[in-house]
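# Survey of secondary and tertiary structure
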Amino acid sequence: MSSGQNSGGLMSSAGLVRYFDAEDRNAIRIDPKTIVAFGLLFGVGVIVLNAVAI
Amino acid sequence: MGWKEAAEPVLTRMPSVARPEGHVPFKRKIGWTAGILVLYFFLTNVVLFGLQTGGTGGDFYGQFRSILAGSQGSILQLGIGPIVTASIVLQLLGGADLLGLDTDDPRDQVLYQGLQKLLVVVMICLTGLPMVFGGNFLPPSQALGQSLGIGTGGVRALLFAQIAVGGILILFMDEIVSKWGVGSGVGLFIIAGVSQQLVAGLFSWESLGGQSGFFPTWIGILTGAVDIGSPLTPGGLSDLFLGQGQILALITTVLIFSIVVYAESVRVEIPLSHANVKGARGRFPVKLIYASVLPMILVRALQANLQFLGQILNNWWAAMPGWVGQYSQGQITGGLFWYLAPIQSRQDWMWFLGFTSQDPAAIAFRVAIDLTFMIIGGAVFAIFWVETTGMGPEATARQIQSSGMQIPGFRRNPQVIEKVMERYIPQVTVIGGALVGLLAVLANMLGTIGGVSGTGLLLTVSITYKLYEEIAEEQLMEMHPMMREMFNN
């Protein structure tokens with residue numbers, strides 16, 4: 001650590017899914033807020049459907 | 001024209017979460033991680049629309065649930081199962097070098113990311129469809145089918161659509177945590193599930209509806225409210241250690257915790273010094289658990305997939321011969337698939353206490369198969385993991401070279417560094433992988449608090465440890481913005 005060379009820095013092992021910096025220009029990019037909002041709405045939607053059906 | 005050119009238009013257009021522009025402050029990172037965690041817990045509590053109430057079949061994942069996250073009958077029924085299975089396929093293809101993708105090339109990186117997503121979607125269909133349409137794991141509501149006029153087939157399609165959306169949501173939530181938060185989403189969901197079970201196993205009391213936890217039971221034993229035999233008789237001792245007292249489970253849990261934390265600190269350190277700056281020294285640690293515990297989840301998932309195959313065969317093949325598999329009430333009780341099933345608890349093998357009526361020789365054979373599978377599988381997947389995540393001798397040699405460091409006493413040359421690395425990394429990886437496999441089997445055999453599997457516990461402890469290291473690193477960078485450049489962020 002004395003040189004600022006972090007001992008863990010070289011060993012960053014990613015999770016099961018790996019993401020790289022490179023991205024294609026054609027790729028569809030989604031804002032993370034959109035995904036969270038969709039997840040919430042989807043959950044609430046299913047709860048409402050369940051409540052209505054019973 | 002190879003497969004790369006053919007698949008390129010599809011793979012490059014897979015939707016992905018936007019990357020943050022510039023540095024994300026540590027507090028915001030924690031915010032995103034916590035937010036995703038809350039969303040995850042919320043979604044595990046949303047019951048599928050169109051599910052027959054009350055009459056749910058057994059959990060499709062069974063004992064594997066604790067490492068595959070999600071929860072039975074909810075939108076997140078699939079959990080991280082599809083991600084793990086897709087990862088197995090990628091690891092095997094990548095490890096055998098069949099893909100021909102160079103993960104240092106930006107073009108190939110894009111393809112790799114796309115392929116990863118596509119495989120997860122394929123796996124969502126491959127595990128989701130048999131789950132809904134084969135067997136009785138998610139029974140559709142007949143009343144709903146009639147009132148909507150779509151029949152049970154239509155309701156089943158509705159169920160599948162919901163769990164598929166849930167599976168894709170998990171994938172994107174993982175991406176958000178990886179890009180905007182701390183650690184990885186998959187790790188976060190595993191910790192969340194296992195910790196929930198652990199806390200329940202320690203503190204839950206009977207009036208909550210589940211089993212009584214460790215502490216309430218002991219309060220009961222000490223005050224005399226829970227009746228156990230005298231500790232001086234064999235029956236009383238068995239109650240204390242194996243039964244309600246759960247002392248053995250507590251010992252195993254604490255032991256696994258300490259072994260993993262200890263093993264994280266066992267390492268071979270290769271000294272480094274800077275080529276141009278005198279006095280600048282560093283060390284490259286080759287940890288005992290070099291490949292981390294994550295490859296373990298791949299081995300377990302492989303076993304889980306074999307068991308699903310058995311269950312599906314059992315449902316569809318009425319005249320299945322007994323040697324393939326015998327089931328009673330959805331539980332495997334004999335045949336080939338019984339031998340392939342991992343030991344999940346004491347009930348699976350402690351014949352001498354009357355927990356199981358199976359033949360001791362057959363049990364010993366099954367334990368031997370489980371051990372072989374986990375130890376060899378652990379080592380093999382650890383090697384693949386190291387190779388595919390750029391932790392192998394060649395990749396680390398290149399990293400050390402490009403950071404301007406060298407091993408003192410050796411020529412400054414990537415090939416020379418690689419030679420030195422080759423003396424340590426492969427051996428340490430194999431030993432670490434095999435050790436983790438052995439630990440997982442032993443923990444399962446002895447039982448753990450809250451019924452979390454040995455693999456689940458191993459994963460949780462080591463992921464939490466990694467998370468702690470990462471948070472410490474983040475905080476260091478917050479305090480010294482200069483550090484950011486050194487970490488190449």
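For clarity, every value in this text was computed on a predicted model and none was experimentally measured. (Residues numbered from 1 in each chain as written. Chains lettered and ligands numbered in written order. Predicted model: local features only at pLDDT ≥ 70, side-chain atom pairs only at ≥ 80, totals over all residues. Heavy atoms only, no water.)

### Remarks on the domain arrangement of chain B
Residues and elements named next belong to chain B. Splitting chain B by domain gives domain 1 (26–180) and domain 2 (247–462). For domain 1 versus domain 2, the separation of C-alpha centres amounts to 24 Å. The interface of domain 1 with domain 2 comprises 20 residues on the first partner and 25 residues on the second. Between domain 1 and domain 2, roughly 2,100 Å² of surface is buried when both sides are summed, and carbon and sulfur atoms account for 72% of that area. The three residues of domain 1 that bury the most area against domain 2 are F64, I67 and Q91, which together make up 32% of that side's buried surface. Viewed at the interface, domain 2 and domain 1 are joined by zero salt bridges. (Domains from an automatic or database assignment. Contact = heavy atoms within 4.5 Å. Buried area = accessible area lost by both parts, 1.4 Å probe. Salt bridge = Lys/Arg side-chain N within 4 Å of Asp/Glu carboxyl O.)

### Notes on the packing of helix α4 (residues 81–95) of chain B against helix α14 (residues 360–388) of chain B
A pair of packed helices is captured by two measures, namely the crossing angle of their axes and the spacing between those axes. Residues and elements named next belong to chain B. Put simply, α4 and α14 touch, their axes get as near as 9 Å, and they point 75° apart. One way to sum up the angle between α4 and α14 is to call them roughly perpendicular. Mapping the contact onto sequence places I88, Q91, L92, G94 and G95 in α4 and F381, F384, W385 and T388 in α14. For the contact of α4 with α14, a count of residues per class yields five nonpolar, four polar and no charged. (Axes fitted to C-alpha atoms, helices over the stretch in contact; angles between N-to-C directions. Helix = DSSP H or I, 4+ residues; strand = E, 2+ residues; numbered from the N terminus. Parallel < 35°, antiparallel > 145°, perpendicular 65-115°, else oblique. Nonpolar A, V, L, I, M, F, W, Y, C, P; charged D, E, K, R; others polar.)

### Some words on unusual backbone geometry
Despite not being glycine, A69(B) shows a phi value in the positive range, around 55°. With relative accessibility at 4%, the residue A69(B) sits in the buried group. (Buried < 20%, exposed > 50% of the residue type's maximum accessible area, 1.4 Å probe, protein only.)

### Here's the deal with the sheet that holds strand β3 (residues 281–287) of chain B
Residues and elements named next belong to chain B. Here we have three strands laid out as an open sheet, ordered β3-β2-β6, and antiparallel in their pairing. Each edge of the open sheet is held by one strand with a lone partner, namely β3 and β6 (405–406). Of the strand pairs in this sheet, strand β2 (residues 267–274) and β3 are connected by seven bridges, and their pairing is antiparallel. Its bridge partner lying in β3, S273 is registered against R281. (Pairing = 2+ DSSP bridges.)

### Remarks on the environment of E206(B)
Tracing the sequence through the fold places E206(B) in the loop between α8 (185–203) and α9 (214–223). Each C-alpha atom, one on E206(B) and one on T217(B), is 9.2 Å from the other, the two residues being eleven residues apart in sequence.

### Regarding α4(B)
Residues and elements named next belong to chain B. Taking 1.5 Å per residue, 15 residues should reach 21 Å; α4 reaches 21 Å between its end C-alpha atoms and fits that length. Residues of α4 that are buried: G81, P82, I83, V84, T85, A86, S87, I88, L90 and Q91. Buried residues in α4 make contact with α3 (65–68), α5 (106–133), α7 (151–180), α8, α12 (294–316) and α14. Among the residues trailing α4, D97 stands out with phi positive, at a value near 60°. (Expected span 1.5 Å × (residues − 1).)

### Some remarks on the UniProt feature "transmembrane region" (unreviewed entry) in chain A
With numbering matched to this structure, UniProt assigns "transmembrane region" (unreviewed entry) to residues 35–53 of chain A. Across residues 35–53 of chain A, the secondary structure splits into 100% helix and 0% strand, with the terminal C-alpha atoms separated by 27 Å. (UniProt positions renumbered as here; feature names shortened; annotations may be inferred.)

### Section: the packing of α8(B) against α9(B)
Residues and elements named next belong to chain B. One way to put it is that α8 packs onto α9 with a least axis distance of 3 Å and a crossing angle of 10°. Here α9 runs roughly parallel to α8, going by the angle between their axes. On α9, the residues touching G201, L202 and F203 of α8 are F214, F215 and P216.

### Some remarks on the packing of aromatic side chains
Evaluated as defined, the whole model comprises 13 aromatic pairs over all chains. With a centroid separation of 5.9 Å and an interplanar angle of 15°, the aromatic rings of F38(A) and F42(A) are classed as stacked. Note that F38(A) and F42(A) are positioned in helix α1 (residues 32–53) at a spacing of four residues, about one turn of the helix. Ring geometry for W338(B) against Y339(B): centres 5.1 Å apart, planes inclined by 75°, an arrangement best described as edge-to-face. Aromatic rings pair up to connect F203(B), F214(B), F215(B) and W218(B) into one cluster. For the cation-ring pair, R18(A) lies above Y112(B), with the distance from its terminal atom to the ring centre recorded as 5.8 Å. (Phe/Tyr/Trp six-rings, centres within 6.5 Å; stacked < 30°, edge-to-face > 60°. Lys NZ or Arg CZ within 6 Å of the ring centre and 35° of its normal.)

### Digging into the nonpolar core
If you look at the biggest cluster of nonpolar residues, it comprises 133 residues, and the most contacted ones within it are L16(A), I80(B) and I297(B). When residues in this core are grouped by element, the largest group, 13 residues, is from α7(B). Each of two domains, domain 1 (26–180) and domain 2 (247–462) of chain B, supplies a minimum of three residues to this core. With residues up to four places along the chain from it excluded, the contact list for I80(B) reads I67(B), L68(B), A69(B), I170(B), V186(B), F189(B), I190(B) and I297(B). (Core = buried A, V, L, I, M, F, W, Y, C linked by side-chain atoms within 4.5 Å.)

### Comments concerning the side chain of K117(B)
Residues and elements named next belong to chain B. Along the polypeptide, K117 turns up in helix α5. Judged by its relative accessible area of 8%, K117 is buried. Excluding residues that lie within four positions of it along the chain, K117 makes contacts with M14, P15, S16, L171, F172 and E175.

### Thoughts on the pattern of salt bridges
Residues and elements named next belong to chain B. Taken as a whole and assessed by the stated rule, the structure comprises twelve salt bridges over all chains. Residue E469 pairs with K287 through a salt bridge whose shortest N-O separation is 3.4 Å. Taken together, the positions of E469 in helix α17 (residues 454–479) and K287 in strand β3 put the pair 182 residues apart, joining distant regions of the chain. Take K287: its relative accessible area is 7%, and that puts it in the buried class. The partner of D370 in a salt bridge is R300, and the shortest N-O contact between them spans 3.6 Å. Note that D370 is positioned in helix α14 and R300 in helix α12, a separation of 70 residues in sequence. Here D370 and R300 have matching classes, each one buried. Taken together, the shared-partner salt bridges in this structure form one network comprising K117, E175 and K179.

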